[in-house]
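Read off the chains here:
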Amino acid sequence: MRSVKEAEENAERLIRKADEEAASVLADARAKAQSMQEETLRKIRAGSLDAEEKARKAGEDRLAEAKAEAGKEAEALRQLIAPRRQEAVRAVIAALV
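I will try to describe carefully the structure that is included in this document. Since the model is a prediction, treat every value here as computed from it, not as a measurement.

1. Thoughts on the overall build of the protein
1) Next: The secondary structure content of the protein amounts to one helix and zero strands.
2) Next: Relative to the 2.2 N^0.38 estimate, which gives 13 Å for 97 residues, the radius of gyration of the protein is 41 Å and therefore markedly larger than a compact globule would have.
3) Next: Seen through its principal axes, the protein has C-alpha atoms that stretch 140 × 20 × 10 Å.
4) Next: In the protein, which comprises 97 residues, the proportion classed as buried is 0%.
5) Next: Counting 20 positive and 20 negative side-chain charges, the protein places the centres of these two groups 7 Å from one another.

Right under this line is the structure:
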């Protein structure tokens, strides 16, 4: 009888110890999972910020290129129009006289 009771007590201790260890492992796993999730979100946010900055910079670069190209085209039109402007002024003066 005594050995059966001792065996039962021993089994209970082992079960409690196993439960405690399982709870500890589970708590560690949850903490690690939370940490990994937070790190992943941080990386995603950082990546999003990097992508956003790259997109903004690319947009600014394209805008600067378009502005420079528009300036070149405007100058080319001014040079093209300059001789014709004098002709137009002469034509208006001739029409008025």
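2. Quick notes on a nonpolar patch on the surface
1) Next: A contiguous nonpolar patch, built from V89, V92, I93, L96 and V97 and spanning about 550 Å² of accessible area, is present on the exposed surface.
2) Next: As for its placement among the helices and strands, I93 is situated in helix α1 (residues 2-96).

3. Some details on the pattern of salt bridges
1) Next: Taken as a whole and judged by the stated rule, the model has six salt bridges.
2) Next: Between R42 and E39 there is a salt bridge whose closest N-O contact spans 2.5 Å. On the criterion of helical spacing, the pair formed by R42 and E39 is a turn pair, its members being three residues apart in helix α1.
3) Next: Residue K57 pairs with D61 through a salt bridge whose shortest N-O separation is 3.1 Å. Taken together, the positions of K57 and D61, both in helix α1 and four residues apart, correspond to about one turn of that helix.
4) Next: Where salt bridges share partners, they join E53, R56 and E60 into one cluster.

4. Examining the environment of E20
1) Next: As for its position among the elements, E20 is in helix α1.
2) Next: Considering only alpha carbons, one finds E20 and P83, 63 residues apart in sequence, at a separation of 95 Å.

Rules behind the numbers
- Residues numbered from 1 in each chain as written.
- Predicted model: local features only at pLDDT ≥ 70, side-chain atom pairs only at ≥ 80, totals over all residues.
- Heavy atoms only, no water.
- Helix = DSSP H or I, 4+ residues; strand = E, 2+ residues; numbered from the N terminus.
- Rg over C-alpha atoms; globule rule 2.2 N^0.38 Å.
- Buried < 20%, exposed > 50% of the residue type's maximum accessible area, 1.4 Å probe, protein only.
- Lys, Arg positive; Asp, Glu negative; His and termini not counted.
- Charge placed at Lys NZ, Arg CZ, Asp CG, Glu CD.
- Patch = residues over 30% accessible without salt bridge, like charges linked within 9 Å, V, L, I, M, F, W, Y side chains within 5 Å.
- Areas by Shrake-Rupley, 256 points an atom, 1.4 Å probe, with all protein chains shown as cover.
- Salt bridge = Lys/Arg side-chain N within 4 Å of Asp/Glu carboxyl O.

Spatial relationships are all this shows, so hold off on functional conclusions.
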